[in-house]
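Each chain, written out:
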Amino acid sequence: MKQLLGTAEFFDGTSAAVRSCQIWFDYDEMVLTDLAGDQEYVRWSAAKLLCDWTSPTVMLVEQNSPRSTAYIKITEDELAKTVERKIRLVAGLPKRENTKKIVFGSLASIALIAVALIYFLPAFSKYAVHNVPKSWEEKLGKNVEETLIPAFSEEKICKASSGQAALEQMAKRLTNGMDLPFDPVMTVVESKIPNAFALPGGRITILSKTLEVVDSPDELAAVLAHELGHVKYRHSMQQLINVAGTGIVFSMFIGDFTGGSIVASVGEAMLDSSYSRDMEREADLFAVQMLENAGVDPTGLASFLEKISKEHEHDNALTEALGFLSSHPPTKERVDTLNQAVNPDAQKDPVLPEWQWKSLKNICSETAELNA
């Protein structure tokens, strides 16, 4: 299915004429058409495109070929970033085959695979995940993180040492005495979206806007504890087996979790998916247990959910971006469950002193490029 991203200026390389064009993506190809969408100018393979930022707000896209002189010029900053991210994501997808040659001989196999994926894979993934070598999962998590971060941010990693130290201190207090399959690796990235998500191998990405939305370090600790719950039960790896299907299972057998096709497919799949009701419930209840074990206010997660839900109940785009609110269990149901699970007599001490909390909130005062 073709996806329209926006408009740009098209230079065909053979004349001085400048034509306004629409930018479409059709699977793994960029398609340029006239503004009406009726006339197709060119169709380029995303894997052969180069993005060149000639200024902070202007990007050129051209083919990586000395024989091609055609290019497009994008002057809208957000559109340029969107196009660049899309090129990076789809460039790793497998090339399209001549479907007419394979459809008729594959219908029966496709039907069987579809039945297996729909009815058996979710149950299978819960048990299969324990047979995935942890070293493989850690490698996959790193590659998926590098694919997903550009989709949420401008690829700036927040690196202020005092802020990172405060985050590590928070995680150390939360994980003390808790049996986790991985040592958590936490990354804060610049973003205008408040969210946090766990990836395979114990990687947790926190989008910087979250630090502005939470009211206290205890609320952030609750968010982190919830994501550590997903790490505990390896939910991200289960989810990858569910959404990537046979591709990820096949990669498990051959030991290749670094191929562009798998990483790109997994990255896009995770952006479009949410955890199951049972997974979210497990992570919520584990978060309460973890917070009480650490002597941190266990009501932080429920209060955070209620606040975000009320503040953004009419903002559908933001609500969908928030992993906490886009999950299957309704927010009220989750809050009620959390409140019932909390021990009102549990010890409560601030997870961080005020000076460390200030350092953590300023963690983006120093940044670095994603691949620096």
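What counts and what doesn't
Residues numbered from 1 in each chain as written. Predicted model: local features only at pLDDT ≥ 70, side-chain atom pairs only at ≥ 80, totals over all residues. Heavy atoms only, no water. Buried < 20%, exposed > 50% of the residue type's maximum accessible area, 1.4 Å probe, protein only. Helix = DSSP H or I, 4+ residues; strand = E, 2+ residues; numbered from the N terminus. Pairing = 2+ DSSP bridges. Lys, Arg positive; Asp, Glu negative; His and termini not counted. Salt bridge = Lys/Arg side-chain N within 4 Å of Asp/Glu carboxyl O. Contact = heavy atoms within 4.5 Å. Phe/Tyr/Trp six-rings, centres within 6.5 Å; stacked < 30°, edge-to-face > 60°. Axes fitted to C-alpha atoms, helices over the stretch in contact; angles between N-to-C directions. pLDDT = per-residue confidence, 0-100. Core = buried A, V, L, I, M, F, W, Y, C linked by side-chain atoms within 4.5 Å. Disulfide = S-S within 2.5 Å.

**What about the pairing of strand S7 (residues 71–74)?**
Side chains of S7 alternate between two faces, with Ile72 and Ile74 buried and Tyr71 and Lys73 left unburied. Across three bridges, strand S1 (residues 2–11) lies against S7 in antiparallel orientation. Directly across from Phe11, in S7, lies its bridge partner Tyr71.

**A look at the pairing of strand S11 (residues 203–207)**
With five of five residues buried, S11 is to be regarded as a mostly interior element. Pairing analysis gives five bridges linking strand S9 (residues 185–189) to S11, with the strands arranged parallel. Bridged to Val189 within S11 is Leu207. Sheet analysis places strand S10 (residues 196–199) next to S11, joined by four bridges and oriented antiparallel. For Phe197, the partnering residue across the bridge sits in S11 and is Thr205. Between S10 and S11, which pair antiparallel and follow one another directly, the connecting turn spans three residues, one of which, Gly201, has a positive phi of 80°.

**Details of unusual backbone geometry**
Positive phi, normally seen in glycine, also occurs at Arg234, with a value near 55°. The topology assignment puts Arg234 in the loop between helix H7 (217–232) and helix H8 (235–244). For Arg234, a relative accessible area of 7% gives the class buried.

**Describing the side chain of Asp218**
In this structure, Asp218 sits in helix H7. It turns out Asp218 is buried and unbridged, and the closest side chain with the opposite charge, Arg173, is 6.6 Å from it. Once you skip the residues sitting within four places of it in the chain, Asp218 turns out to touch Val296, Asp297, Asp349, Pro350 and Val351.

**Some words on the pattern of salt bridges**
The final tally for this structure, using the stated rule, is 14 salt bridges. Arg334 serves as the salt-bridge partner of Glu280, at 3.7 Å between the closest nitrogen and oxygen. Separated by 54 residues along the polypeptide, Glu280 in helix H11 (residues 277–294) and Arg334 in helix H14 (residues 331–341) bring together distant segments of the chain. Judged by its relative accessible area of 3%, Arg334 falls in the buried class. Put simply, Arg334 and Asp284 hold a salt bridge, and the shortest N to O gap is 2.9 Å. You can see Arg334 sitting in helix H14 and its partner Asp284 sitting in helix H11, a full 50 residues away along the chain. One salt-bridge network, in which partners are shared between bridges, spans Asp26, Glu29, Glu40 and Arg43.

**Things to note about the packing of aromatic side chains**
Inspection of the entire model under this criterion finds three aromatic pairs. With 4.6 Å between their ring centres and 10° between their planes, Phe11 and Tyr71 make a pair best called stacked. Of this pair, Phe11 sits in strand S1 while Tyr71 is found in strand S7, placing the two residues 60 residues apart along the sequence. Among the residues examined, Tyr71 registers a relative accessible area of 25% and is labelled partly exposed. When the centroid spacing of 6.1 Å and the interplanar angle of 80° are considered together, the rings of Tyr233 and Phe286 count as edge-to-face. You can see Tyr233 sitting in the loop between H7 and H8 and its partner Phe286 sitting in helix H11, a full 53 residues away along the chain. Its relative accessible area of 28% is what places Tyr233 among the partly exposed residues.

**Concerning the sheet that holds S7**
With antiparallel pairing, the seven strands of this open sheet are ordered in space as S4-S3-S2-S1-S7-S6-S5. Across the chains shown, the open sheet's two edge strands, defined by having one partner strand only, are strand S4 (40–45) and strand S5 (49–55). Taking each pair of neighbouring strands and ignoring which way they run, the sheet shows an average axis angle of 35°. In the sheet, S1 pairs with strand S2 (residues 19–26) via eight bridges, with the strands oriented antiparallel. Across the sheet, the residue bridging to Ala8 is Cys21, located in S2.

**Topic: the confidence of the model for the protein**
Low pLDDT means the predicted coordinates in that region are not meant to be read closely. Chain-level pLDDT for the protein is 79 on average; 73% of the residues reach the 70-or-more range. Note that residues 93–119 has pLDDT below 50 and, in this model, 22 contacts with residues that lie over four places away or in other chains. Low pLDDT, under 50, characterises residues 314–328; the stretch is placed with 32 contacts to residues that sit more than four places away or in other chains.

**Quick word on the nonpolar core**
Here is a general trend for soluble globular proteins: nonpolar side chains tend to be buried in one another's company. The biggest cluster of nonpolar side chains holds 49 residues, and the ones touching the most others in it are Met170, Leu174, Ile204, Leu224 and Leu360. When residues of this core are assigned to their parent elements, the largest contribution, eight residues, is made by H7. Ranked by size, the runner-up nonpolar core spans 21 residues in total, among them Phe25, Tyr41, Val42 and Ala80.

**A look at the state of the cysteines**
Under the definition given, this model contains one disulfide. In this model Cys158 forms its disulfide with Cys364; the gap between the sulfur atoms is 1.9 Å. Because the sign of the S-S torsion sets the handedness, a value of about 75° for the bond joining Cys158 and Cys364 places this disulfide among the right-handed ones. Taken together, the positions of Cys158 in strand S8 (residues 156–158) and Cys364 in the loop between helix H15 (354–361) and strand S12 (367–369) put the pair 206 residues apart, joining distant regions of the chain.

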